[in-house]
Amino acid sequence: GQQQFDQEVTPENTKKHVRSASMDAEMRPMPRVQMKLKAETSISGTYYAADKRREGKDHGEVFQGSVGYQPFSKSTISVDLEYRAFEHYLGPERTGSYDDVRKNMKMSWQQTLTPTSRFTAQAGVSLSQSYYWDTDRDRDQRYQFANVRLTSKLSPKFDTSVYLSGTKTDYVNVRASLSQNNRTETRLELRPEFTYRINERIELQQKYGVNIEFSDFIFQENENFLDRTITFANTLRTRLTMNLTVNFFYAYQHHSKGSYLRENPDEERVLDINQEDRRDEMRIGFRYQMSKHLALLGENEYSRRTNLLSSTAKPFEDGGVELGVEGSWDFGAQRGLKISMTRVKRFGRFNADAQKDYW
């Protein structure tokens, strides 16, 4: 453990102190089983002789534990537990002091299926609770998740990966006047990826994604909505010569959002789309190694967002061009020099004048 005490007199009516202690333990009670424990406590505060409004103190305690079990040589199972408690004191003349308590539990499983295939899975739950000292604004937040990932090298030239995830978050305000915001948010994700090495100079990578989000209000169902996003990204890397490489990137995103309501209490919910847009993004970049230490590089970027529900809405466009040089010299024994100089010209609705043309 360790303990530190520090007092400053800048200005003379200011006093600060910090104290902390920690403990770590690791043990193997039996073959293939490993246990880890960790505990921490800390106190930090600032006190003022005159201006009490600036006083504050934070006191925290953390306890962590994990158990790992390896039933077979290619399989690992682990369980992680965590408890955190923090006291946030804002001084005698300010309201809003509160205690924050968090409890987490996570389970993981890693399995090697073949020399070129691997499977991982995770699931867990966490609970965050805030307790206010002088008001009844206490709130709880519970988070649950589960995900799996499968990676495989199907051939020397072809790699693939599939990721599937589901999360659920509950927001609960204990105070009755704030309970209109109590809700449950659910998210589902599917993301496959593929990498194909056509030859030693050309590589193609593709990423697909589907994201669906539900928001269900407990007491105000008229605010329930569904949010959906479909994505696709394509990256082509080419090495035209020994000194010249060119990358081409294209991404497509289709987003829609709408209310998810019942026309009558006993009927199923119906989706009413009120927002739908499409975004296309493209980047072309190159790097030319002029010498051993100096390289010329450039990139052209363009993005276009279109409102699909309106035929008269003007698309939003932005992009830019960059051209510059990079240099790197190594003189050995931790001595080196790196330089970078780039000329940038950009356009777009959110760019300030200084961002449109600069070095």
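In what follows, the structure referred to is the one given above.
Residues numbered from 1 in each chain as written. Predicted model: local features only at pLDDT ≥ 70, side-chain atom pairs only at ≥ 80, totals over all residues. Heavy atoms only, no water.

Moving on, we come to the environment of Asn 211. Its location among the elements puts Asn 211 in strand S10 (residues 202-217). Taking C-alpha positions, Asn 211 is 6.4 Å from Ile 230, a pair spaced 19 residues apart along the chain. Each residue touching Asn 211, except ones within four places of it in the same chain, is listed here: Arg 187, Leu 188, Glu 189, Arg 191, Asp 227, Arg 228 and Thr 229. (Helix = DSSP H or I, 4+ residues; strand = E, 2+ residues; numbered from the N terminus. Contact = heavy atoms within 4.5 Å.)

Here we come to the pairing of S10. Note that strand S9 (residues 183-199) and S10 share 14 bridges and pair antiparallel. Looking across to S10, one finds that Arg 183 is bridged to Phe 217. Hairpin connection, S9 to S10: the antiparallel pair is bridged by two residues. Bridging between S10 and strand S11 (residues 225-239) involves 14 bridges; their strand directions are antiparallel. Looking across to S11, one finds that Ile 202 is bridged to Thr 238. (Pairing = 2+ DSSP bridges.)

For the rest of this paragraph, the subject is a nonpolar patch on the surface. On the surface, a nonpolar cluster with roughly 600 Å² of combined accessible area is contributed by Leu 113, Val 148, Leu 150, Val 162, Leu 164, Leu 190, Val 210 and Ile 230. Mapped onto the elements of the fold, Leu 150 is located in strand S7 (residues 139-155). (Patch = residues over 30% accessible without salt bridge, like charges linked within 9 Å, V, L, I, M, F, W, Y side chains within 5 Å. Areas by Shrake-Rupley, 256 points an atom, 1.4 Å probe, with all protein chains shown as cover. Salt bridge = Lys/Arg side-chain N within 4 Å of Asp/Glu carboxyl O.)

Attention shifts here to the side chain of Glu 82. By the secondary structure assignment, Glu 82 is in strand S4 (residues 75-89). Only 2.9 Å separates the side chain of Glu 82 from the side chain of Arg 84, close enough to count as a polar contact. Within the local environment of Glu 82, its side chain forms a polar contact with the side chain of Asn 104, the two groups lying 2.6 Å apart. With sequence-adjacent residues up to four places away left out, Glu 82 is seen in contact with Phe 63, Gln 64, Arg 102, Lys 103 and Asn 104. (Polar contact = N/O pair within 3.5 Å; in protein donor to acceptor, adjacent residues only side chain to side chain.)

Overall, the coordinates contain 22 salt bridges when judged by the stated rule. Linking Asp 100 and Arg 102 is a salt bridge whose minimum nitrogen-to-oxygen distance equals 3.3 Å. Its relative accessible area of 42% is what places Arg 102 among the partly exposed residues. Taking the shortest distance from any N to any O, the salt bridge between Lys 356 and Asp 353 comes out at 3.8 Å. (Buried < 20%, exposed > 50% of the residue type's maximum accessible area, 1.4 Å probe, protein only.)

The next point concerns the packing of aromatic side chains. Tallied over the full model, the rule gives ten aromatic pairs. Taking the centre distance of 5.1 Å and the plane angle of 45° together, the rings of Tyr 208 and Phe 232 count as tilted. Residue Tyr 208 is located in strand S10, and its partner Phe 232 is located in strand S11; the two are separated by 24 residues in the primary sequence. Note on Tyr 208: relative accessible area 33%, which makes it partly exposed. The structure contains a cluster of three or more aromatic residues connected by ring pairs, namely Phe 158, Phe 194, Tyr 196, Tyr 208 and Phe 232. The residue whose ring lies beneath Arg 283 is Phe 249, and the NZ or CZ to ring-centre distance is 4.2 Å. Between Arg 349 and the ring centre of Phe 316, over which it is positioned, the NZ or CZ distance is 3.6 Å. (Phe/Tyr/Trp six-rings, centres within 6.5 Å; stacked < 30°, edge-to-face > 60°. Lys NZ or Arg CZ within 6 Å of the ring centre and 35° of its normal.)

Here we come to the environment of Gln 253. Position of Gln 253 relative to the elements: it lies in strand S12 (residues 244-262). Judged by its relative accessible area of 31%, Gln 253 falls in the partly exposed class. Each C-alpha atom, one on Gln 253 and one on Arg 28, is 49 Å from the other, the two residues being 225 residues apart in sequence.

Quick look at unusual backbone geometry now. Excluding glycine, most residues fall at negative phi; most peptide bonds, likewise, are trans. The phi dihedral of Ala 333 falls on the positive side, at around 50°, and the residue is not glycine. Topologically, Ala 333 is positioned in the loop between strand S15 (316-330) and strand S16 (336-347). Phi is positive for Gln 334, which is not a glycine, with a value near 60°. Tracing the backbone shows Gln 334 in the loop between S15 and S16. Gln 334 gets classed as exposed once you look at its relative accessible area, which sits at 87%.

Note that every value here comes from positions in space, so none of it alone points to a role or purpose.
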